[in-house]
Amino acid sequence: MKNFFYLEGAYLILGGIILLITLFVTTRPFMSKGAVKRGLLWVTLVLSIFIGTHYKITTDRMSEVKEAFENGKTIICESRMQRKVAQSVDIQKSNEWRLKNNNFVSPNYSRPFFIARCIVK
């Protein structure tokens, strides 16, 4: 569950804001009777589907990256340190990279890379 909140926390906050906006709009005098229930129901349903689908896709990609890394394939991770020169870093098990708590770490590189932000080459 901790992983879900870590991966989807920003989307949950945005979803809460969208629900508050929906509540505000559906309580206006020009809205029909019962609009609050219908509005909140449908918006909650759509947000739940979107957030759940995003979580499923992200965790599937994380599993794929873990498996590929263990099999010696090259992994590409986004590098936010050097935006102008190298925008990605190639990670391989043979280049002293290891997987530690869903992060790729190396003694030759100053920062870890979270596995959800990587893809298989």
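As the structure is a computational prediction, the values presented were derived from the model and not from experiment. (Residues numbered from 1 in each chain as written. Predicted model: local features only at pLDDT ≥ 70, side-chain atom pairs only at ≥ 80, totals over all residues. Heavy atoms only, no water.)

1. Section: helix 1 (residues 2-26)
Along its length, helix 1 reaches its greatest deviation from straightness, about 70 degrees, at Glu 8. All of the buried residues along helix 1 are Phe 4, Leu 7, Glu 8, Gly 9, Gly 15, Thr 22 and Thr 26. (Bend = angle between axes of the 7 residues up to and from the residue. Helix = DSSP H or I, 4+ residues; strand = E, 2+ residues; numbered from the N terminus. Buried < 20%, exposed > 50% of the residue type's maximum accessible area, 1.4 Å probe, protein only.)

2. A look at the side chain of Thr 59
If you trace the backbone, Thr 59 turns up in helix 2 (residues 35-70). In this structure the side chain of Thr 59 is engaged in a polar contact, spanning 3.1 Å, whose partner is the backbone oxygen of Lys 56. (Polar contact = N/O pair within 3.5 Å; in protein donor to acceptor, adjacent residues only side chain to side chain.)

3. Observations regarding helix 2
Under the 1.5 Å per step criterion, the end-to-end length of helix 2 is 52 Å for 36 residues, consistent within 8% with the ideal 52 Å. Looking only at helix 2, the buried set comprises Ala 35, Gly 39, Leu 47, Ile 51, Thr 58, Thr 59, Met 62, Val 65, Ala 68 and Phe 69. Phi turns positive, to about 85 degrees, at Gly 72, one or two residues after helix 2. (Expected span 1.5 Å × (residues − 1).)

4. Quick look at the state of the cysteines
The term disulfide refers to a covalent linkage connecting the sulfur atoms of a pair of cysteines. For the coordinates displayed, the defined rule picks out one disulfide. A disulfide bridge connects Cys 77 with Cys 118, and the sulfur atoms are separated by 1.8 Å. Judged by the sign of its S-S torsion, about 105 degrees, the bond between Cys 77 and Cys 118 is right-handed. Of this pair, Cys 77 sits in strand 1 (residues 75-78) while Cys 118 sits in strand 6 (residues 118-120), placing them 41 residues apart in sequence. The burial state of Cys 77 is the same as that of Cys 118; both residues are buried. (Disulfide = S-S within 2.5 Å.)

5. Quick word on the pairing of strand 2 (residues 88-91)
Residue alternation in strand 2 divides its side chains into a buried set, Val 89 and Ile 91, and an unburied set, Ser 88 and Asp 90. The pairing of strand 1 with strand 2 spans four bridges and is antiparallel. Bridging across to strand 2, Cys 77 finds its partner in Val 89. (Pairing = 2+ DSSP bridges.)

6. Brief notes about the environment of Ser 48
Looking at the secondary structure, you find Ser 48 in helix 2. Taking C-alpha positions, Ser 48 is 31 Å from Leu 99, a pair spaced 51 residues apart along the chain. Of the polar contacts made by the side chain of Ser 48, one reaches the backbone oxygen of Thr 44; its length is 2.7 Å.

7. Concerning the pattern of salt bridges
All told, the structure shown has three salt bridges when counted by the stated rule. One salt bridge connects Asp 60 with Lys 56, and the closest N-O pair in it is separated by 3.1 Å. Taken together, the residues Asp 60 and Lys 56, both in helix 2 and four residues apart, mark about one turn of the helix. Judged by its relative accessible area of 39%, Asp 60 is partly exposed. Across the pair Lys 121 and Asp 90 runs a salt bridge, and its minimum N-O distance is 3.7 Å. With Lys 121 in the segment after strand 6 and Asp 90 in strand 2, this residue pair connects regions lying 31 residues apart in the sequence. With a relative accessible area of 64%, Lys 121 lands in the exposed category. (Salt bridge = Lys/Arg side-chain N within 4 Å of Asp/Glu carboxyl O.)

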